[in-house]
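Here is how the chains run, residue by residue.
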Amino acid sequence: MIKPSSRESAFAGRELGIVVALVAVVVAATIARPSFLSGQGIHDLFLNASIIGLLAIGQALLVITRNIDLSVGSVMGLTAYLSGQLFLVDKDLPVIVVVLAGIGLGAVCGAINGALVAIAKVPALVVTLGTLYVFRGIDYAWASATDTTQINAYQMPQGFLDLGSGSLLGIPNLTLITLVVLGLTAYALHNFRAGRELYAIGSNPDAARLAGIPTGRRVFSAFVISGGLVGLGGVMHAAYFGTINASVGTGRELAVVAAVVVGGVAIFGGSGTVLGAVLGALLLTTITSALPILGVPAFWQRAVDGAALLVAISLDRAFMVRLAERLRAERAVRRA
Amino acid sequence: MQAVSALTAKVPPLLELRDVHKSFAAVHALRGVSLALHPGEVHGLAGENGAGKSTVVRVIGGEHRPDSGVVLVDDAPVGFSGPRDAQRHGIAVIHQEPTQFPDLTVAENVFMGRQPVRSFRRIDRASMNAKAAELFESLGVPIDPWRVTRGLSIADQQIIEIGKALSAEARIIVMDEPTAALSTVETERLFRVAKRLAENGAALLFISHRLEEMYEICHRVTVLRDGALVTSSPMADIDRDTLVRSMVGRSVEQLYPEQTGEAGAEALVVAGLTRAGVFADVSFSVRRGEIVGLAGLVGSGRSEVARAIFGVDPLDAGQVLVDGERLPLGDPRAAIRAGVAMVPEDRREQGLILDLSIERNATLPRLGAVSRWGLVSRAKERSLAAKWADRLGVKRRRLTDPVATLSGGNQQKVVLGKWLATEPGVLIVDEPTRGIDIGAKVEVHALLAELAASGIAVLMISSELPEVLGMADRVLVMHEGRLTEELSKEDATEESVLQAATGGAS
């Protein structure tokens, strides 16, 4: 018999593994340049990981249900652009209104994806590959229709920019937002029926239907929530960078998926945690920051992200093969 | 048993089907089936494959809606909107291959969708695990509620399904061939649980291919044939022969052709085949002109042995000789070159490309023979396909029709034809007649006999005992990964094979 906790602890081990990798990267970078671990350095590491971490939380919800959303980069671009446009219309708009508008638009995009996946039964990979281009196209069309190629910081209120660059008790605002979302999502996934049902759907979709789980509704909701988080990410991006054009977020989808997979969320659903996904995002952004310090030219960055992804997937695969072998061996022992 | 039958005459049934009809496209799966399940009673449902048993299960479980007729629970007509609705009416279905969430814990599998909750509708894990532990305790089968279900045996998974049914307070429990993959000990354990459920007032519908089990546990039996109800009677009032006759509708002998082949030289010899945890030390031989049946329960390793011989699955030890030549292990191309052909268990998944035309499917392993300079010649392809389709009597409109448009029996003939076109010396067939109608079965059987007579060595794997007994010159029986028995045609009876297959022999 395998011990009750052996698999769970193996996955806790996964999160531990990311932390170990993270420490290794940080130590190496700090030896090369001690300021890497200064107060400002840590501040920057967390800030860099905040937006992608937020996107990874939403993506993890979908991957757990055996789905995926490739349109996150485009949705993020669209909502970032929306927040800029709203301030162009009325610079005195309350910040909260813009934040809610961004979340709302993101949720609508998520609902479109979710409806096509859950109701029209089109595979998520295909649906979101399509909407990746559609949402980006809308973004560009909007920019050209309003003849605004770029929206700059001076066109936005200071209160909004403070949201992006400010901090509370030394922790950047954006990091706080991501941590709060992470805490709520992790708690809900663990403690509410709907959360466990997302795992059930990803673990065995047919069994989930037989167990009477409303799989379509759950998957749809996951897309809407993930879309809302991406919308929030878009607004955060606008507030942080203060410069927005129609190509914000291009290509981010792959980084987000990589973070989720590196973070130990099984790509075929059913297992993994949002904490792992956020740690995956933190690891990848930290590697990116550390590369130039370690003397690796910046253009290697993508290759290193890809390599991290491959290492993570190979480790998962090796783990599953070992588990299967152990189970086979156990059965052989029981028979003998 | 008598007492219970007398009792049920007065107690109203928990569930009743009245004149239920159900069709799928052209197939009339159920034609007017009526059935009543009483509390405290185990009701057997018998019939051959394709008789409509699974459809009855799906109608009761809320997966299918009947086209006409009614389902009544507690004498009130119900129209289930889906599985959950059926569950709400106290119905639980335990499938042959339980459907679980391998990544989740045992307790979560039991309580999915119905987890005990505390304040703010949060899941109460402590109470959930305690309840699950209590449940398995009461069933007399301790299973750790905290472990994930991945890797549990099918027997344990079924117990989890039963736990699920009990925790949902199901009163109507359907068991669809639950014993097909169980050992004798596991079957006894399941029966103890099932009897206890009935004593506590549940109504059970029990499906099995093993008639002994029916006599052991059922109070009443209903027989289906070709979707229609043949008979329904107290188990004590129906003898074995009558039961078999009502299931088959004709005497079994007529289904199987006369064997004429003379056994020749050994064409296939396997020695000491071992794959850790799957099968161990399997040795046997098949002669030219001989049909050897490989019997055993689902999960005994039969198909795995066949796959390993053909080189699809890896081997830890052992060797395979074809016509005295040693085959390199794990290389299907070498096996094909040496003259081995394998018709896999699942023709839809592994044997055919359903969307391709009949001719394309038929010539797939023989593209070399119909090509010139790497380009496939349509004319040669067509003539080769036509030759085999005619020889096998494939009923089709055009050779260019997709294989998906054919009936199951004709699809199987295309798979056979596809491999026969490679002119094999050794033919391995896995479940050659699963899910095809009785007429097509007879044709496939005749074909296999003819092939053996022409000097091909045939290894036939089948879960249908009558098929093994009717076709094979020799019967090999596997039990839990080991070859436990070899029986000549004379010695092979349903009893002797089942004994060996369930570990009763030796």
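Preceding this section is the structure that the text describes.
The structure contained in this document is the topic of the report that follows. Please read all numbers here as calculations on a predicted model, not as lab measurements.

### Comments concerning the overall build of chain A
Logical step 1: The number of helices and strands found in chain A is 13 helices and four strands.
Logical step 2: Expected size for 336 residues packed as a compact globule is a radius of gyration near 20 Å; at 21 Å, chain A falls within 12% of this value.
Logical step 3: With respect to the principal axes defined by its C-alpha atoms, chain A has extents near 75 × 55 × 35 Å.
Logical step 4: Relative to its 336 residues, chain A shows a buried fraction of 49%.
Logical step 5: Surface exposure of chain A reaches about 14,700 Å², of which carbon and sulfur atoms provide 70%.
Logical step 6: Distance between charge centres in chain A, computed from 22 positive and 16 negative side chains, equals 15 Å.

### Notes on the overall build of chain B
Logical step 1: Counting its regular elements, chain B contains 18 helices and 22 strands.
Logical step 2: Taking 23 Å as the expected radius of gyration for a compact globule of 506 residues, we find that chain B reaches 25 Å, a close match to that expectation.
Logical step 3: For the C-alpha atoms alone, the extent of chain B along its principal axes is close to 75 × 50 × 45 Å.
Logical step 4: In chain B, which comprises 506 residues, the share counted as buried stands at 53%.
Logical step 5: If you take every contact in chain B between residues at least 6 apart in sequence, the share linking residues at least 24 apart comes to 65%.
Logical step 6: On chain B, the mean spot of the 58 positive side-chain charges and the mean spot of the 67 negative ones are 7 Å from each other.

### A short note on the interface of chain A and chain B
Logical step 1: Each side of the interface is counted separately: chain A has 33 residues, and chain B has 37 residues.
Logical step 2: Both faces combined, the contact of chain A with chain B buries some 3,200 Å², and carbon together with sulfur accounts for 51% of it.
Logical step 3: In this structure, R196 of chain A and E108 of chain B form a salt bridge, with 2.4 Å as the shortest nitrogen-oxygen distance.
Logical step 4: The tally of links between chain A and chain B comes to nine residue pairs in polar contact (both at pLDDT 80 or more).
Logical step 5: Secondary-structure elements contributing two or more residues to the side of chain A that touches chain B are α1 (6-32), α7 (173-191), α8 (193-203), α9 (205-210) and α13 (301-335) of chain A.
Logical step 6: In terms of residue class, the side of chain A that touches chain B is made up of 17 nonpolar, eight polar and eight charged.

### Some words on the packing of aromatic side chains
Residue and element names in this part refer to chain A.
Logical step 1: For the coordinates displayed, the defined rule picks out four aromatic pairs over all chains.
Logical step 2: Between Y81 and W142, the ring centres sit 5.3 Å apart and the planes meet at 75 degrees, which makes this aromatic pair edge-to-face. With Y81 in helix α3 (residues 72-89) and W142 in helix α5 (residues 124-145), this residue pair connects regions lying 61 residues apart in the sequence.
Logical step 3: Owing to a relative accessible area of 25%, W142 belongs among the partly exposed residues under this scheme.

### Concerning the pattern of salt bridges
Residue and element names in this part refer to chain B.
Logical step 1: Overall, the coordinates contain 18 salt bridges over all chains when judged by the stated rule.
Logical step 2: The closest approach of N and O atoms between R88 and D85, which form a salt bridge, is 3.9 Å. Placement of the pair is R88 and D85 together in helix α3 (residues 83-88), with a separation of three residues, close to one helical turn.
Logical step 3: Given a relative accessible area of 13%, D85 falls into the buried group.
Logical step 4: The residue E161 makes a salt bridge to K164 at a minimum N-O spacing of 3.2 Å.

### What to know about the sheet that holds strand β20 (residues 457-461) of chain B
Residues and elements named next belong to chain B.
Logical step 1: Taken in spatial order, the six strands of this open sheet run β16-β19-β20-β13-β21-β22, and their pairing is mixed. Strands at the two margins of the open sheet, each flanked by one partner only, are β16 (340-343) and β22 (482-488). Within the sheet, the average angular offset between the axes of one strand and its neighbour, ignoring direction, is 20 degrees.
Logical step 2: Sheet analysis places strand β13 (residues 291-296) next to β20, joined by four bridges and oriented parallel. Bridge pairing in β20 links G293 to M460.
Logical step 3: Packing of helix α15 (residues 408-420) onto the sheet brings it into contact with β16 and β19 (426-430), and relative to β16 it is tilted by some 170 degrees.
Logical step 4: Across the face of the sheet, helix α18 (residues 494-501) comes into contact with β13, β21 (474-479) and β22 while running at roughly 30 degrees to β21.

### Concerning a nonpolar patch on the surface
Residue and element names in this part refer to chain A.
Logical step 1: A contiguous nonpolar patch, built from V19, V23, V27 and I31 and spanning about 340 Å² of accessible area, is present on the exposed surface.
Logical step 2: Tracing the chain through its elements places V19 in helix α1.
Logical step 3: The exposure class of V19 is partly exposed, given its relative accessible area of 34%.

### Observations concerning the environment of L152 of chain B
Residue and element names in this part refer to chain B.
Logical step 1: Along the polypeptide, L152 turns up in the loop between α5 (125-138) and α6 (154-167).
Logical step 2: In this structure, the C-alpha to C-alpha distance between L152 and I60, residues 92 residues apart in sequence, is 27 Å.
Logical step 3: In contact with L152, not counting residues within four places along its chain, are V106, R147, Q157 and I160.

### With respect to the sheet that holds strand β9 (residues 220-225) of chain B
Residues and elements named next belong to chain B.
Logical step 1: What the six strands build is an open sheet, ordered β6-β7-β8-β3-β9-β10; its pairing is mixed. The open sheet has two edge strands, β6 (91-94) and β10 (228-234), and neither has a second partner. Taken over all neighbouring pairs, the strand axes of this sheet differ in orientation by 15 degrees on average, direction set aside.
Logical step 2: Two strands pair when backbone bridges link them, and strand β3 (residues 42-46) and β9 are joined in this way by four bridges, in the parallel orientation.

Thresholds applied
Residues numbered from 1 in each chain as written. Chains lettered and ligands numbered in written order. Predicted model: local features only at pLDDT ≥ 70, side-chain atom pairs only at ≥ 80, totals over all residues. Heavy atoms only, no water. Helix = DSSP H or I, 4+ residues; strand = E, 2+ residues; numbered from the N terminus. Rg over C-alpha atoms; globule rule 2.2 N^0.38 Å. Buried < 20%, exposed > 50% of the residue type's maximum accessible area, 1.4 Å probe, protein only. Areas by Shrake-Rupley, 256 points an atom, 1.4 Å probe, with all protein chains shown as cover. Lys, Arg positive; Asp, Glu negative; His and termini not counted. Charge placed at Lys NZ, Arg CZ, Asp CG, Glu CD. Contact = heavy atoms within 4.5 Å. Buried area = accessible area lost by both parts, 1.4 Å probe. Salt bridge = Lys/Arg side-chain N within 4 Å of Asp/Glu carboxyl O. Polar contact = N/O pair within 3.5 Å; in protein donor to acceptor, adjacent residues only side chain to side chain. Nonpolar A, V, L, I, M, F, W, Y, C, P; charged D, E, K, R; others polar. Phe/Tyr/Trp six-rings, centres within 6.5 Å; stacked < 30°, edge-to-face > 60°. Pairing = 2+ DSSP bridges. Axes fitted to C-alpha atoms, helices over the stretch in contact; angles between N-to-C directions. Patch = residues over 30% accessible without salt bridge, like charges linked within 9 Å, V, L, I, M, F, W, Y side chains within 5 Å.

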